[in-house]
Amino acid sequence: MNDARPALRISLAIAPGPDSERLAALAEELGYARFWLYDSPALYEDVWITLGRLAGVTGRLGLGTAVLVPNSRHPMVTASAIATMERLAPGRCTYAFGTGASARWAFDQPALTWRFMHTYLTQLRALLAGETVEIEGRPCAMIHHPDLAVGRPIDVPFVLSAFGPKGMAIARELDAGIMTMFPPPEGFDERIQLVAGTVLDAGETVTDPRVVRAVGPWYVVTHHAVHQGSPEAVDGLPGGVEWRADIEAARPAGQRHLAVWEGHVTHLVDRDTTIVEAAGEEVVGMSWVGDADELRSRATEAAASGVTEIAYAPVGPDVEREIRAFAAATIG
């Protein structure tokens, strides 16, 4: 019997910044399928400007947003940005959206509701299709002159970062893919798993300094999220008491979110040392950590479960090393 599952794609998920062009060119050279960029204006450079620059330094590499936070931009602004990318990198872009948990929390604002997401994405799809749609009580349409944008309809793939039934229902309605941090459920053509981690060198252990710096930024995410919901609850996590005290010393009440989200999923800041030291071997968390054979095996298992793409999110002081090592382990 023939296996109908598509081949597993191996991609990268990176914070937009000064190294993005160099890393995207390297990703294309190493055979990665796509290069996803985060969208968090309080933490990283602009996602759209960076995507446009990546289009100029790559020729085959897929490009994507992971994930756009809709309230940051009027639907027409996003529609025009997508039209621009479809001119610069036609057929290479995929657009993932999310409720903006961390991106919104960095402003001390709640994540968006799925009702808001549904309205926004429906409006955006209609604009790209060349339709007239009511937004904020007034009719809107892409009325770009043919000399100034690609023609409509603009048919591009959408992906949603969805973990519960509401988001997944909207993804199905919009014929969108799914991106999660665990193997996504069946019923979607695109089932993308975001993976953090590192390939161990011979003799390395999970508590070696290099490894901790390569997985620690993803481990402390739990502390960030718990603090957002209830600062006192952080005390029950490894190193939480001292970490919370450092947060409260760094910023006055009402501004502590500005300290909590520093370095989010990219860097360990000084106060995070308390957390990763207290965690010990548990610093691995959900990250994939092992030698090349172990990570290759995990990728094979993910493909067997129906995952269509691994979006690897490397961090630490030597992201290029992480990119090369993961490619060698999973792409060959």
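Here we summarise the structure given alongside this text. (Residues numbered from 1 in each chain as written. Predicted model: local features only at pLDDT ≥ 70, side-chain atom pairs only at ≥ 80, totals over all residues. Heavy atoms only, no water.)

**Quick word on the overall build of the protein chain**
Right, so step 1: Helix and strand content of the protein chain: 13 helices and 12 strands.
Right, so step 2: Taken over the C-alpha trace, the protein chain has a radius of gyration of 20 Å; the compact-globule value for 332 residues is 20 Å, and the two agree within 12%.
Right, so step 3: With the C-alpha coordinates aligned to their principal axes, the bounding extent of the protein chain is approximately 60 × 55 × 40 Å.
Right, so step 4: Residue burial in the protein chain is summarised as follows: out of 332 residues, 52% are buried.
Right, so step 5: Taking the contacts inside the protein chain whose residues are at least 6 apart along the sequence as the reference set, 68% of them involve residues at least 24 apart.
Right, so step 6: Carbon and sulfur atoms provide 53% of the accessible area of the protein chain, an area that totals close to 15000 Å². (Helix = DSSP H or I, 4+ residues; strand = E, 2+ residues; numbered from the N terminus. Rg over C-alpha atoms; globule rule 2.2 N^0.38 Å. Buried < 20%, exposed > 50% of the residue type's maximum accessible area, 1.4 Å probe, protein only. Contact = heavy atoms within 4.5 Å. Areas by Shrake-Rupley, 256 points an atom, 1.4 Å probe, with all protein chains shown as cover.)

**Description of the pattern of salt bridges**
Right, so step 1: In total, this model carries 17 salt bridges according to the counting rule given.
Right, so step 2: The residue Arg 9 makes a salt bridge to Glu 309 at a minimum N-O spacing of 3.0 Å. With a gap of 300 residues between them, Arg 9 in strand 1 (residues 9-14) and Glu 309 in strand 12 (residues 309-312) connect regions that are remote in the sequence.
Right, so step 3: Arg 244 is the partner of Asp 235 in a salt bridge, and the nearest nitrogen-oxygen pair spans 2.8 Å.
Right, so step 4: Connected through shared salt-bridge partners, Asp 201, Glu 204, Arg 210, Arg 321 and Glu 322 make up one network. (Salt bridge = Lys/Arg side-chain N within 4 Å of Asp/Glu carboxyl O.)

**Focus: helix 7 (residues 209-219)**
Right, so step 1: For helix 7, a buried count of nine out of 11 residues is recorded, marking the element as mostly surrounded by other parts of the structure.
Right, so step 2: Listed in full, the buried residues belonging to helix 7 are Arg 210, Val 211, Val 212, Ala 214, Val 215, Gly 216, Pro 217, Trp 218 and Tyr 219.
Right, so step 3: Buried positions along helix 7 lie against strand 9 (191-195), strand 10 (197-199), helix 8 (221-229), helix 11 (273-279), strand 11 (288-290) and helix 13 (319-330).

**Focus: the sheet that holds strand 4 (residues 93-97)**
Right, so step 1: The parallel closed barrel is built from eight strands, whose spatial order is 1-2-3-4-7-8-9-12. Averaged over all neighbouring strand pairs, the angle between strand axes comes to 25°, with direction disregarded.
Right, so step 2: Of the strand pairs in this sheet, strand 9 and strand 12 are connected by four bridges, and their pairing is parallel. Note on strand 12: the bridge partner recorded for Leu 194 is Ala 311.
Right, so step 3: Taken strand by strand, helix 2 (residues 47-57) contacts strand 2 (34-37), strand 3 (62-68) and strand 4, and its axis lies near 170° from that of strand 3. (Pairing = 2+ DSSP bridges. Axes fitted to C-alpha atoms, helices over the stretch in contact; angles between N-to-C directions.)

**A closer look at the environment of Pro 75**
Right, so step 1: Relative to the helices and strands, Pro 75 is located in helix 3 (residues 75-88).
Right, so step 2: On a C-alpha basis, the gap between Pro 75 and Leu 268 in space is 35 Å, while along the polypeptide they are 193 residues apart.
Right, so step 3: With sequence-adjacent residues up to four places away left out, Pro 75 is seen in contact with Tyr 120, Gln 123, Leu 124, Leu 127 and Ile 135.

**A look at unusual backbone geometry**
Right, so step 1: With an omega of 5°, the peptide bond running from Ala 66 to Val 67 counts as cis.
Right, so step 2: With an omega of 5°, the peptide bond between Arg 152 and Pro 153 qualifies as cis.
Right, so step 3: Topologically, Pro 153 is positioned in the loop between strand 6 (138-140) and strand 7 (158-161).
Right, so step 4: Not every positive phi belongs to a glycine, and Glu 136 is a case in point at roughly 55°.
Right, so step 5: By relative accessible area, Glu 136 is classed as exposed at 72%.
Right, so step 6: At Val 265, a position not held by glycine, the phi torsion is positive, near 55°.
Right, so step 7: For Val 265, the location among the structural elements is in the loop between helix 10 (257-260) and helix 11.

**Comments concerning the environment of Val 211**
Right, so step 1: Structurally, the position occupied by Val 211 is in helix 7.
Right, so step 2: On a C-alpha basis, the gap between Val 211 and Arg 53 in space is 31 Å, while along the polypeptide they are 158 residues apart.
Right, so step 3: In this view, Val 211 contacts Thr 198, Leu 200, Glu 204, Thr 205, Val 206 and Val 289; residues no more than four positions away in its chain are not counted.

**Focus on the nonpolar core**
Within soluble globular proteins, side chains that are nonpolar generally end up buried alongside one another.
Right, so step 1: Counting 70 residues, the largest nonpolar core has Tyr 32, Phe 35, Leu 63 and Phe 158 as the members making the most contacts within it.
Right, so step 2: When residues of this core are assigned to their parent elements, the largest contribution, eight residues, is made by helix 5 (residues 114-128).
Right, so step 3: Beyond its immediate sequence surroundings of up to four residues, Phe 158 is in contact with Ile 82, Tyr 95, Phe 97, Leu 121, Leu 124, Arg 125, Leu 128, Ala 176 and Gly 177.
Right, so step 4: By size, the runner-up hydrophobic cluster in this structure holds 20 residues, among which are Val 211, Trp 243, Ala 259 and Ala 279. (Core = buried A, V, L, I, M, F, W, Y, C linked by side-chain atoms within 4.5 Å.)

**Quick word on helix 9 (residues 240-250)**
Right, so step 1: Taken as a whole, helix 9 has its buried residues at Gly 240, Trp 243, Arg 244 and Ile 247. Projected onto a plane normal to the axis of helix 9, the buried residues spread over an arc of 95° and lie on a single side. Among the exposed residues of helix 9, those oriented more than 90 degrees off its buried face are Val 241 and Ala 249.
Right, so step 2: On the buried face of helix 9, the contacting elements are helix 8, helix 10 and helix 11. (Arc of directions from axis to C-beta.)

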